[in-house]
Amino acid sequence: MLVPERHKKIINIVNENKTARVSELSKLLKVTEETIRRDLEKLEAENKLARTHGGAISTQEEEGDIPYFQREVMNQQEKMAVAKLAVTLIQEDDIIFLDASSTALYLAKLLPNKKITVLTNSLRVAAELANSTHIHVIVSGGNLSPTSLSLVGPLTVSTLERYHVNKVFFSCKGLHKDWGISDSNEQQAIVKRKMIEMADQRILLLDHTKLNKKAFAHIEKEEVINTIIIDELANKTYLKYFEEKNIKISYAQLG
């Protein structure tokens, strides 16, 4: 098999399955694992996929990843209520991470212009804070995701590894008792997983529609969460499971 043909097959396999391991590709394509690693390195340089430890993931936007401007107006009242409660947890001199969720953007809109540092992979969040004279904004590097207007990929992760933050404010597509925290886009999931790892406090921002939902890409088990901020329409019986794991639940009032 010629190299271009093998590369095409690798891309097809990764895009179809969203992920693939070096060992699997080696067996399927009947070449050594070292050859596959070189192939993946070249394909990543061409932005055809993203390498992970032991394999690769697709860089195609996933069907479940709703365009940013659509997400921004979905459940708007609930997200704004959650953001208003979340902003009360931010103090002067805090170093925080805001993800590329629409709820994090609402939080950015509410941030007081005081001495804090905001690390983000969201271009929308960065633009929102551009005129805040006392807020220091750091934007990760990475590949542009047009759907989410955010930066993702290996460069994003390697950038974030250089920082430690007091608090990470992030959202997700689903929170489930068995599946934990999950997202529809694996690239976003990888970024969120890294920032959870680099933060002292992990604060999950949710509207009630995300409860008891499983999305495609697992982020982490629920035990990593310190606080869940969710609107008052949430199923409080379902949330007792998380309270029993010593996760603080804060309910945002609507209206």
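Okay, so let's go over this structure. As the structure is a prediction and not an experimental result, all values here were calculated from the model. (Residues numbered from 1 in each chain as written. Predicted model: local features only at pLDDT ≥ 70, side-chain atom pairs only at ≥ 80, totals over all residues. Heavy atoms only, no water.)

Under the criterion given, the structure shown has 16 salt bridges. Between Lys-115 and Asp-93 there is a salt bridge; the shortest N-O distance is 3.7 Å. Of this pair, Lys-115 sits in the loop between α6 (102-110) and β5 (116-120) while Asp-93 sits in the loop between α5 (76-86) and β4 (95-98), and the two are 22 residues apart along the sequence. Each member of the pair, Lys-115 together with Asp-93, is exposed. (Salt bridge = Lys/Arg side-chain N within 4 Å of Asp/Glu carboxyl O. Helix = DSSP H or I, 4+ residues; strand = E, 2+ residues; numbered from the N terminus. Buried < 20%, exposed > 50% of the residue type's maximum accessible area, 1.4 Å probe, protein only.)

Let's shift gears to helix α9 (residues 186-197). For α9, with twelve residues, the first-to-last C-alpha span of 17 Å sits near the 16 Å given by 1.5 Å per residue. In terms of burial, α9 is largely enclosed, as ten of its twelve residues are buried. Buried within α9 we find Glu-186, Gln-187, Gln-188, Ala-189, Ile-190, Val-191, Lys-192, Lys-194, Met-195 and Ile-196. (Expected span 1.5 Å × (residues − 1).)

So, on to the nonpolar core. Counting residues in each nonpolar core, the largest one holds 32 residues, and the members touching the most others are Leu-175 and Ile-228. Counting only elements with at least two residues in this core, the list comes to β9 (165-170), α9, β12 (199-206), β13 (217-220), β14 (227-231) and α10 (236-243). A per-element tally of this core places α9 first, with four residues. (Core = buried A, V, L, I, M, F, W, Y, C linked by side-chain atoms within 4.5 Å.)

What follows concerns the sheet that holds β12. Pairing is parallel across the open sheet formed by seven strands, whose spatial order is β6-β5-β4-β9-β12-β14-β15. Every interior strand has two partners, whereas the edge strands, β6 (135-139) and β15 (248-252), have only one. Going across the sheet, the axis of each strand differs from the next one's by a mean of 20°, ignoring polarity. Pairing of β12 with β14 involves four bridges; the strand directions are parallel. Pairing of Leu-206 across the sheet is with Ile-230, part of β14. In the packing of α6 onto the sheet, the strands contacted are β4, β9 and β12, and the crossing angle to β4 comes to about 140°. (Pairing = 2+ DSSP bridges. Axes fitted to C-alpha atoms, helices over the stretch in contact; angles between N-to-C directions. Contact = heavy atoms within 4.5 Å.)

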